[in-house]
Amino acid sequence: MELRHLRYFVAVAELGSVSRAAEKLFIAQPPLSTQIKQLEDEVGVKLLLRYPRGVRLTEAGSAFLAEAKDLLARSERAKRLARHKNSMLGGAVRIGYVPSAGHTILPRLLDQMRQIRPDAEIDVREMITPQQVQALCTGEIDVGLARAPINSGRIAVLVKLDDPFCLALPLGHALSGKGPIDLRAAADCTFISSARHRAPTYFDQALGLCSDAGFSPELRYEASTLYGVLDLVGAGLGVAIVPASAVMLAARGVTLRLLERPTRSGSLAFIQLRGDPNPIIATLGNLATTVFANLKRDVILSLNGNV
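For clarity, every value in this text was computed on a predicted model and none was experimentally measured. (Residues numbered from 1 in each chain as written. Predicted model: local features only at pLDDT ≥ 70, side-chain atom pairs only at ≥ 80, totals over all residues. Heavy atoms only, no water.)

(A) View of the overall build of the protein. When helices and strands are counted, the protein shows 10 helices and 12 strands. Counting only C-alpha atoms and orienting by the principal axes, one finds that the protein spans roughly 70 × 50 × 30 Å. Evaluated residue by residue, the protein yields a buried proportion of 50% over its 307 residues. The contacts in the protein between residues at least 6 apart in sequence include a share of 75% that link residues at least 24 apart. Summing over all exposed atoms, the protein offers an accessible surface of approximately 15200 Å²; the carbon and sulfur share of this is 52%. (Helix = DSSP H or I, 4+ residues; strand = E, 2+ residues; numbered from the N terminus. Buried < 20%, exposed > 50% of the residue type's maximum accessible area, 1.4 Å probe, protein only. Contact = heavy atoms within 4.5 Å. Areas by Shrake-Rupley, 256 points an atom, 1.4 Å probe, with all protein chains shown as cover.)

(B) Main features of the pairing of strand E8 (residues 190–194). A large share of E8 lies buried, amounting to 5 of its 5 residues. In this sheet, strand E9 (residues 218–223) lies alongside E8 in parallel orientation, the contact comprising 5 bridges. Directly across from Thr 190, in E9, lies its bridge partner Glu 218. At this point the chain moves from E8, through helix H8 (residues 200–212), to the parallel E9, and the crossover so formed is right-handed. (Pairing = 2+ DSSP bridges. Right-handed = clockwise from strand over helix to strand, strands pointing away.)

(C) Local environment of the sheet that holds strand E12 (residues 267–273). Judged by pairing direction, the sheet is mixed, and its 5 strands sit side by side in the order E4-E3-E5-E12-E6 without closing on themselves. Both edges of this open sheet fall to strand E4 (121–126) and strand E6 (155–162), since each of them pairs with a single strand only. Going from strand to strand, the sheet's axes swing by 20° on average, the running direction of each strand aside. (Axes fitted to C-alpha atoms, helices over the stretch in contact; angles between N-to-C directions.)

(D) Expanded view of the pairing of strand E11 (residues 254–258). With respect to burial, E11 is a largely interior element, 4 of its 5 residues being buried. Taken together, the 5 bridges between strand E7 (residues 165–170) and E11 define a ladder with antiparallel strand orientation. Following the sheet pairing, Ala 168 is matched in E11 by Leu 256.

(E) The arrangement of the packing of helix H1 (residues 3–15) against helix H3 (residues 29–43) in detail. Contact geometry of H1 with H3 gives a least axis separation of 9 Å together with a crossing angle of 110°. Between H1 and H3, the angle is such that the two are roughly perpendicular. Across from Arg 4, His 5, Tyr 8, Phe 9 and Val 12 in H1, the residues of H3 making contact are Leu 32, Gln 35, Ile 36, Gln 38 and Leu 39. Tallied by class, the residues present in the contact of H1 with H3 amount to 6 nonpolar, 3 polar and 1 charged. (Parallel < 35°, antiparallel > 145°, perpendicular 65-115°, else oblique. Nonpolar A, V, L, I, M, F, W, Y, C, P; charged D, E, K, R; others polar.)

(F) Quick look at the environment of Leu 6. Mapped onto the elements, Leu 6 comes out in helix H1. The exposure class of Leu 6 is buried, given its relative accessible area of 3%. In this structure the C-alpha to C-alpha distance between Leu 6 and Arg 264, which are 258 residues apart in sequence, comes to 44 Å. Not counting chain neighbours up to four residues away, the residues in contact with Leu 6 comprise Met 1, Phe 64, Ala 68, Leu 71 and Leu 72.

(G) Quick look at H3. With 15 residues, H3 extends 21 Å from end C-alpha to end C-alpha; this agrees with the ideal 21 Å at 1.5 Å per step. The set of residues buried in H3 consists of Leu 32, Gln 35, Ile 36, Leu 39 and Glu 40. Mapping the buried residues of H3 onto a view down its axis gives an arc of 135°, with all of them on the same face. Counted as exposed and oriented over 90 degrees from the buried face of H3: Pro 30 and Asp 41. In the segment just after H3, Gly 44 is the residue with positive phi, at about 95°. (Expected span 1.5 Å × (residues − 1). Arc of directions from axis to C-beta.)

(H) Spotlight on the nonpolar core. Core analysis: the largest hydrophobic core is formed by 62 residues, its most contacted members being Leu 167, Leu 183 and Val 242. Considering every element that reaches this core, the biggest residue donor is helix H10 (residues 279–305), with 10 residues. When neighbours within four sequence positions are excluded, Leu 167 is seen to be in contact with Ile 181, Leu 183, Ala 186, Phe 191, Val 239, Ala 240, Ile 241, Thr 255, Leu 256, Arg 257 and Leu 259. Judged by nonpolar contacts, the second largest core, of 20 residues, contains Phe 9, Val 12, Ile 36 and Leu 48. (Core = buried A, V, L, I, M, F, W, Y, C linked by side-chain atoms within 4.5 Å.)

And the structure:
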């Protein structure tokens, strides 16, 4: 069995069609069918059921697909490690990040990374937390900047940043001011939120905080980014529940107040696949520890000075 057999099988299984897989792989359909048949003969069981309009995985094929993808991911990881093993200033790393981290943590982390590893190959991909967990398990990324909680025993949290929730308010709003605020005071306000499909963990936690406070928020406006949410708040269209780190992004016209006795905690986590031997991950973990600490300091200073 060769890696090309696994690549061919994965392509056919994921596309559900030998012809579409042949187009993607830039090979003719008959040789591809032959390769798949050779693989099934070697494994000793049928992996695919052939139909006039495509193929479907057998139960054995479904199990084999997961293992095949894992083996391919491991082979790519092995090549990457070997390629950069002797490079002290290089390396390769793929980073997944939730949208809110893209505005706050990621720029600082990449800046520090470039200073100590100027020749490193860095790939970044915006992903919600569940997608990061899956991508780490399949070898598509090496580390992630995710929203806790992380519900997988295969994932290790290298460092965590407390990022408690705040209420973002337009300047001059009746609830604006300094110091923590009881969320129940905002029960009658119009709320602005991020799109759930872009930040489901954050969206669900925000709604959960309102529910815990005894009310269902009137969600009238939605934005695709945290910047967008803050812009709508600044325009006076409503209030929003945002992470404290958003104070680093808030434009003039927006004030943030920490929630008083929040029922749910917010945090960012720097995560990796447990046991991943990539040496550059340890370097990133140390950098993330420093970046998280500096951001926490800056957030506290900004919140204390926020009017």
